[in-house]
Amino acid sequence: MSFLKCLKSKGSGREYPKEAIYVCEYDFSPLEADYDYDAIRKALTREKIEKGPRSLWRYRALLPVDGEPTVGLYSGFTPLVRAKRLAAEWGVRELYIKDDSVCHPTWSFKDRVVAVALTRARELGFTTVACASTGNLANAVSAHGAKAGFERYIFIPHDLERGKVLGSLVYNPHVIAVEGNYDDVNRLCSEIVAKYHWGFVNVNLRPYYSEGSKTIGFEIAEQLGWKAPDHMVVPAASGSLITKIWKAFKEFEKLELLNGRVTTKIHCAQPEGCSPIATAILNKSEHVLPVKPKTIAKSLAIGNPADGYYAKDVIHDSGGSAAIVSDDEIREGIKTLARMEGIFTETAGGVTVASAQKLIRQGAIDPDSVIVLAITGNGLKTQEAIQTAVGEPVFIEPSLKSFEEKVRPPKTVMKA
Ligand SMILES: Cc1ncc(COP(=O)(O)O)c(C=O)c1O
């Protein structure tokens, strides 16, 4: 049973059919999925969700598909890790990592959005799917699309990390590296979709695709014992993830699935070389001004964010804040999370960790509260970023003598 009613303009509120369309003809604002919440309220309980599959599809009632899921049956439901060592180091009470660095099958939260987009793409009759990507989305469309049997066209900027390029090529889609940055790729894709009518997951299927990000928020609330956290630190590129985590908490509140109200403050994390949303927040500006990205956090290198204004409004309405961090701080963030919590995240995760630390130090995050960091991708994909920042192994000959000479381990005294 589907509760998806229609698509609705975020600006004018006008309703549109559930097709592969994404812009309101009246005011050019984006279209968003709208549901029959009264029917969902009657049908959905915590118990029903808890008995559902251990994947993002346990929240199917709140996802924009008509039938049974066909893609990404193992995606989502990632661990919410209590980060006690990092909390002690930062002097905070209750810190959690939402660990999408281990999302199935391509190790980023983009596996969620693509699971939803391709399930819908199939329902709408597409056989060819495509995307404009900063890397992780490319991997997710390549992999999910391979298993589901779609023809795939993957458009990326020409200078992505090798791990992300290889992590698409291996699934054998058409990978097109465009001489330009993500904003150029995105512009080109808007032209291609108008001519070829493929299912572009983040262009004409965007109203469906973006809803997949809500599942991070649903999972966090469920994993915290049906409670929204006090603070969330979320990395931003297009800004969509920020808006959808907020939407998830608000939907759960509306459906009376939460203990208590949503008082979550959503904080935006961006790198110094590409921070249009965070800059608008910090400058208290009405305008999200486009920038030319230059940062090691390539997954966040979107200079003209599609959902920038909406993300800014969410941060503002929730009482949240923003932090901007340098490339060195990003590297330190990656190393800190690995050293303290055993989680190897990519550059976007480094941005989140470094931003959270900054916001705690500045007093924007209360140390005596429940704090969740959205760790959205895996460090093995962005090895170049920290190649020279983690040292080298100690090389030895295969002998005890060489081991003791070169490593000099502390002498251990065996108990008798
Ligand atoms: C690892 C990672 N984190 C965060 C983001 C930001 O997502 P959004 O574009 O929804 O702001 C991206 C976007 O590609 C990403 O790859």
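The structure contained in this document is the topic of the report that follows. All residue numbers refer to position in the chain's written sequence, counted from 1. Totals for whole chains, interfaces and linings use all residues, but because this is a predicted model, local features are given only for residues with pLDDT of at least 70 and pairs of side-chain atoms are given and counted only at 80 or more. The side-chain figures draw on all heavy atoms in the structure; neither hydrogens nor water molecules are used.

Some points on the overall build of the chain
Inclusion rule: Secondary structure follows DSSP: runs of H or I at least 4 residues long count as helices, runs of E at least 2 residues long count as strands, and numbering of each begins at the N terminus. Throughout, the radius of gyration refers to the C-alpha atoms, and the reference size of a globule is 2.2 Å times the residue count to the power 0.38. Relative accessibility decides the category of a residue: with a 1.4 Å probe and only protein chains considered, values under 20% of the type maximum give buried, values over 50% give exposed, and everything between is partly exposed. Pairs of residues are marked as contacts when any of their non-hydrogen atoms sit within 4.5 Å. Note on areas: Shrake-Rupley with a 1.4 Å probe; residue coverage comes only from the protein chains shown. Counted as positive: Lys and Arg. Counted as negative: Asp and Glu. His and the chain ends are not counted at all. Every charge is mapped onto a representative atom, which is NZ of Lys, CZ of Arg, CG of Asp or CD of Glu.
When helices and strands are counted, the chain shows 15 helices and 13 strands. Over its C-alpha atoms the chain spans a radius of gyration of 22 Å, differing by no more than 12% from the 22 Å that the globule rule assigns to 416 residues. Projected onto the principal axes, the alpha-carbon positions of the chain cover approximately 75 × 50 × 45 Å. Counting across all 416 residues of the chain, residues that qualify as buried make up 57%. Of the contacts made within the chain by residues no fewer than 6 positions apart, 69% connect residues no fewer than 24 positions apart. With an accessible surface of roughly 18,400 Å², the chain has 52% of that area assigned to carbon and sulfur atoms. Taking the average place of the 53 positive charges on the side chains of the chain and the average place of its 50 negative ones, the gap between the two points comes to 3 Å.

Here's the deal with the site of the ligand
Applicable threshold: We call a residue near a molecule or strand whenever a single non-hydrogen atom of that residue lies within 4 Å of it. Any pair of N or O atoms that falls within 3.5 Å is considered a polar contact. Within protein, one atom must be able to donate a hydrogen and the other to accept it, and sequence-neighbouring residues count only if both atoms are side-chain atoms. Gly counts as polar in this scheme, as do all residues outside two lists: the nonpolar Ala, Val, Leu, Ile, Met, Phe, Trp, Tyr, Cys and Pro, and the charged Asp, Glu, Lys and Arg.
Lining the immediate surroundings of the ligand are 16 residues, of which N136, A237, S238, G239 and T376 lie closest. With respect to the ligand, the side chain of N136 contributes an N or O atom lying 2.9 Å from an oxygen atom. A distance of 2.9 Å separates an oxygen atom of the ligand from a polar backbone atom of L241. For the ligand, the protein covers 97% of the area, taking 390 Å² as the surface of the free molecule. For the shell around the ligand, the class distribution of residues is 7 nonpolar, 7 polar and 2 charged.

Here we look at the layout of surface pockets
Let me state the cut-off plainly: Cavities and pockets are found on a 1 Å grid laid over the protein atoms alone: a cavity is a set of points where a 1.4 Å probe fits but cannot escape, a pocket is an open set with protein on both sides within 12 Å along at least five of seven lines, and a lining residue has an atom within 4 Å of such a point. Grid points are joined across faces, edges and corners, and a volume is the space filled by probe spheres set on the points.
Roughly 890 Å³ of volume is contained in the largest pocket. Taken together, 48 residues line the largest pocket, and the ones lying closest to its centre are Y182, R206, S238, A306 and D307. Listing elements by their share of the lining of the largest pocket, those giving two or more residues are β3 (31–35), α4 (110–123), α5 (136–148), α7 (182–196), α8 (206–209) and α10 (240–254). Along the lines of polarity and charge, the residues of the lining of the largest pocket split into 21 nonpolar, 18 polar and 9 charged. Taken together, 17 residues form the lining of the second largest pocket, with K10, E32, T243, W246 and K247 sitting closest to its centre. Secondary structure elements with two or more residues in the lining of the second largest pocket: β1 (4–9), β3, α10 and α12 (308–318). Here the lining of the second largest pocket is built from residues that sort into 5 nonpolar, 2 polar and 10 charged.

Digging into the environment of I245
Relative to the helices and strands, I245 resides in helix α10. Judged by its relative accessible area of 0%, I245 is buried. The contact partners of I245, leaving out residues within four places of it in the chain, are S213, I216, G217, M232, V234 and I266.

Describing the packing of α10 against α12
Put simply, the test is: Throughout, an axis means a line fitted to C-alpha atoms (over the contacting stretch in the case of helices), and angles, computed between N-to-C directions, take values from 0 to 180 degrees. Reported orientations rely on four angle classes, namely roughly parallel under 35 degrees, roughly antiparallel over 145, roughly perpendicular from 65 to 115, and oblique for the rest. Put simply, a crossing is left-handed when the front helix is turned counterclockwise from the back one by less than a right angle, and right-handed when it is turned clockwise.
Between α10 and α12, the shortest axis-to-axis distance is 8 Å and the interhelical angle comes to 45°. Here α10 lies oblique to α12, going by the angle between them. Between α10 and α12 the crossing geometry is left-handed. Every residue of α12 that contacts α10 at I242, T243 and W246 is listed here: Y310, A311, V314, I315 and S318. In terms of residue class, the contact of α10 with α12 is built from 6 nonpolar, 2 polar and no charged.

Brief notes about the pattern of salt bridges
Definition in use: Salt bridge, as applied in this entry: a Lys or Arg side-chain nitrogen positioned within 4 Å of an Asp or Glu carboxyl oxygen.
All told, the structure shown has 31 salt bridges when counted by the stated rule. Here R339 ties to E89 by a salt bridge, and the two come within 3.5 Å at their closest N and O atoms. Linking R339 in helix α13 (residues 327–341) with E89 in helix α3 (residues 84–90), this pair joins segments that are 250 residues apart in sequence. Overall, R339 belongs to the partly exposed group, its relative accessible area being 48%. In this structure, a network of salt bridges that share partners links the residues K10, E32, E211, K214, K244, K247 and E251.

Section: α7
Rule in force here: Every helix has an expected span of 1.5 Å times one less than the residues it contains.
Given a rise of 1.5 Å per residue, 15 residues ought to cover 21 Å, and the 20 Å separating the end C-alpha atoms of α7 matches this to within 8%. Buried residues along α7 sit against β6 (128–132), β7 (151–157), β8 (174–178) and β9 (199–200). The backbone nitrogen of D183 has a side-chain oxygen 3.0 Å away, supplied by the residue at the start of α7, namely N181. Phi for H197, located one or two positions after α7, is positive at around 55°.

Considering the sheet that holds strand β2 (residues 15–16)
As a reminder, the rule being used: The pairing criterion is simple: DSSP has to find at least two bridges between the two strands.
Here we have 3 strands laid out as an open sheet, ordered β2-β1-β3, and antiparallel in their pairing. The open sheet is flanked by β2 and β3, the only strands paired with a single partner. As paired elements, β1 and β2 share 2 bridges and run antiparallel to each other. Within β2, the residue paired with K8 across the bridge is E15.

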